[in-house]
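In case you want the letters, here they are:
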Amino acid sequence: MRIFRLAVSALAVCVALSACGSQDAGGGTPTPTPTGAQEATSQPTPDPTASPSTVDPTPPSGPKTGKPGGPSTPPGVGETTLSGTVQGGVEPNCVLLDGYLLLGGPRDVLMAGVRVEVIGRAEPGMMTTCQQGIPFVVSSATRS
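The notes below deal with the structure included here. (Residues numbered from 1 in each chain as written. Predicted model: local features only at pLDDT ≥ 70, side-chain atom pairs only at ≥ 80, totals over all residues. Heavy atoms only, no water.)

### Observations regarding unusual backbone geometry
A positive phi angle is found at N93, which is not glycine, with a value near 65 degrees. The phi torsion at D98 lies on the positive side, around 55 degrees, for a residue other than glycine. Tracing the sequence through the fold places D98 in the loop between β3 (95-97) and β4 (100-103). (Helix = DSSP H or I, 4+ residues; strand = E, 2+ residues; numbered from the N terminus.)

This is the structure in C-alpha cells:
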C-alpha cells in the first residue's frame, strides 16, 4: 500500500510539471498582454481615392508671419519672399535670415551683413548639418 501511494504521488507531480512546461513552451495558449496593450499590426494602406491631408504650414517655433521682414505667405504653402539682413550661423557656411537657414542661392549675395530679398520655400523636415534655423531652399536672391 505504501508503494501504491508513493507511485500515485510521483505520477501526480509528473502530470503537474508537464502541464506547467507545456504552457511555457507555447503550447497554443496565447500569452496575456498587459491591460490596455494591443498587439502590433501593420499600418493600413492609404486610400488612393482620398484627398491628400493638409499640413499646418506654420512652423512650431521661429519667426511669426506678418512682421516686417518676415515671410509674405506661410512657409510650406508655396514660394515665400523673405527680406532682411543675412546673419552668420554658428557653423561655417551657414547663413540665416529671420530664423530661416538659407540653403542654396548665390553665395556672393547671401553673405553675413548683406541686406537681401530671397524667394524660396521653407522645408521644416529637411535635415541639415547646421544646428539652427528652419531650412529654407532659396530659388533666387537679390541685394536690396
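### So, the sheet that holds strand β1 (residues 80-85)
Taking strand neighbours across the sheet as the criterion, the 6 strands line up as β1-β5-β6-β4-β3-β2 in an open arrangement whose pairing is mixed. The two strands at the open ends of the sheet, each matched to only one other strand, are β1 and β2 (87-88). (Pairing = 2+ DSSP bridges.)

### Points about the nonpolar core
L102, L110, V116, V118, F136 and V138 are the most contacted members of the largest nonpolar core, which has 16 residues in total. Elements with a minimum of two residues in this core: β3, β4, β5 (115-122) and β6 (134-143). Element by element, the count of residues in this core is highest for β6, at 4 residues. (Core = buried A, V, L, I, M, F, W, Y, C linked by side-chain atoms within 4.5 Å. Buried < 20%, exposed > 50% of the residue type's maximum accessible area, 1.4 Å probe, protein only.)

### Some remarks on the packing of aromatic side chains
According to the stated counting rule, one finds 1 aromatic pair in the structure shown. Ring centres 5.6 Å apart and planes at 65 degrees place the aromatic pair Y100 and F136 in the edge-to-face group. Taken as a pair, Y100 in strand β4 and F136 in strand β6 lie far apart in primary sequence, 36 residues in all. (Phe/Tyr/Trp six-rings, centres within 6.5 Å; stacked < 30°, edge-to-face > 60°.)

### Quick look at the state of the cysteines
A full pass over the atoms with the stated rule returns 1 disulfide. With its sulfur 1.8 Å from that of its partner, C94 forms a disulfide with C130. The sign of the -80 degrees torsion about the S-S bond sets the C94-C130 disulfide as left-handed. A residue pair is termed long-range when its members are at least 10 positions apart, and C94 in the loop between β2 and β3 and C130 in the loop between β5 and β6 qualify at 36 residues. Just as C94 is buried, C130 falls in that class too. (Disulfide = S-S within 2.5 Å.)

### Some points on the environment of V138
Within the secondary structure layout, V138 lies in strand β6. Looking at V138, the relative accessible area reads 9%, which means it is buried.

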